[in-house]
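Reading the structure
Next come the chains, spelled out residue by residue.
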Amino acid sequence: MSVLQQLLEYQKVDAELRKIEQSVAGSDERKKFMQAKKFMESAREKLEAQDKRAAELKRLRDDLAARAEEIGRQIAEYSDLDEMVDEEGGDISFYKKNAQALLDRLRAVKGELNKLTADVNAAVEEYDRFKKQTIAMQKQGEEYSKKFKELKNAHAAEADEIAKKLAALSKDIPKDLMERYQQKRKEKIFPIIAPLNGDRCICGMDFPLAQQGKLAGGNVVECEHCRRFVYKN
């Protein structure tokens with residue numbers, strides 16, 4: 001059996017293994033498991049971001065509360081305005097203007113506090129939603145991790161049997177050629193070996209005449225475009 005025939009036989013058996021791999025990879029069990037896994041991997045980072053946001057909101061709230069308290073204390077000093085005018089003298093309109101300015105500042109701070117309170121409530125709601133989602137995804141991950149393992153185990157015997165056939169076939173194929181085949185397999189190129197279709201590779205690209213000349217005698221040549229092994233019937 002020529003090297004070309006050995007490669008084609010190897011690919012034929014390998015296609016059976018690939019079919020099993022695709023079936024498992026495309027299963028609902030794996031999709032649900034990977035969805036939960038991906039979510040949980042990013043959950044910690046998002047929770048840390050929410051913690052930082054909560055700390056920042058608390059700092060802003062404390063700062064605004066302190067400012068409101070200070071302004072309130074200053075306004076309280078104007079509660080006995082008539083007595084202040086009698087004791088210190090001066091124009092009452094000056095004190096009224098100052099008191100009004102303080103009231104305006106207090107209203108502005110209270111407006112900021114109201115807006116900040118809305119932001120805090122929104123952050124709390126978001127945290128609660130994310131917490132519930134995290135719990136649900138954790139349960140989904142545990143459930144489908146088990147189902148995914150069961151699915152793989154169900155195909156394990158068949159896959160092992162095919163792997164043994166492939167190991168036996170690979171012994172008659174040059175090592176360097178086999179290594180290149182396996183590399184293409186990892187890159188999800190399939191079929192890896194394909195016949196020349198007229199003057200074109202299976203990928204649709206023209207195959208240079210110089211390259212076509214190398215196909216004589218059952219040789220295989222790598223396509224410059226898709227990197228498949230090409231042979232001539």
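Residues numbered from 1 in each chain as written. Predicted model: local features only at pLDDT ≥ 70, side-chain atom pairs only at ≥ 80, totals over all residues. Heavy atoms only, no water.

1. Digging into the packing of aromatic side chains
Scanning the model with the defined rule gives 3 aromatic pairs in all. Taken together, a centroid distance of 5.1 Å and an interplanar angle of 85 degrees make the contact between Tyr-10 and Tyr-181 edge-to-face. Within this pair, whereas Tyr-10 is found in helix H1 (residues 3-25), its partner Tyr-181 is found in helix H5 (residues 175-186), the two being separated by 171 residues in sequence. Across this residue pair, the class does not change: Tyr-10 and Tyr-181 are buried. Taking 5.5 Å as the distance between ring centres and 40 degrees as the angle between the ring planes, the aromatic pair formed by Phe-39 and Phe-130 counts as tilted. Here Phe-39, found in helix H2 (residues 28-76), pairs with Phe-130, found in helix H4 (residues 92-170); they are 91 residues apart in sequence, far enough to count as distant. Accessibility assignment for this pair places Phe-39 and Phe-130 in one class, buried. (Phe/Tyr/Trp six-rings, centres within 6.5 Å; stacked < 30°, edge-to-face > 60°. Helix = DSSP H or I, 4+ residues; strand = E, 2+ residues; numbered from the N terminus. Buried < 20%, exposed > 50% of the residue type's maximum accessible area, 1.4 Å probe, protein only.)

2. A word on H1
Within an α-helix, residues lying three or four positions from one another point in the same direction, as the helix has 3.6 residues per turn. Its 23 residues give H1 an end-to-end C-alpha distance of 31 Å, which sits within 8% of 33 Å, the value for a rise of 1.5 Å per residue. Looking only at H1, the buried set comprises Leu-4, Gln-6, Leu-7, Tyr-10, Gln-11, Val-13, Asp-14, Leu-17, Ile-20 and Val-24. Contacts from the buried residues of H1 go to H2, H4, H5, strand S1 (193-195) and strand S3 (229-231). (Expected span 1.5 Å × (residues − 1). Contact = heavy atoms within 4.5 Å.)

3. Topic: the packing of H1 against H5
How two helices sit against one another is set out by the angle between their axes and by the gap between those axes. Between H1 and H5, whose axes approach to 12 Å, the crossing angle comes to 30 degrees. Taken as axis vectors, H1 and H5 run roughly parallel relative to one another. Crossing hand, H1 versus H5: right-handed. On H5, the residues that touch Val-3, Leu-7, Tyr-10, Gln-11, Asp-14, Leu-17, Arg-18 and Glu-21 of H1 are Leu-177, Met-178, Tyr-181, Gln-182 and Arg-185. Among the residues forming the contact of H1 with H5, the class breakdown is 7 nonpolar, 2 polar and 4 charged. (Axes fitted to C-alpha atoms, helices over the stretch in contact; angles between N-to-C directions. Parallel < 35°, antiparallel > 145°, perpendicular 65-115°, else oblique. Left-handed = near helix turned anticlockwise from the far one by under 90°. Nonpolar A, V, L, I, M, F, W, Y, C, P; charged D, E, K, R; others polar.)

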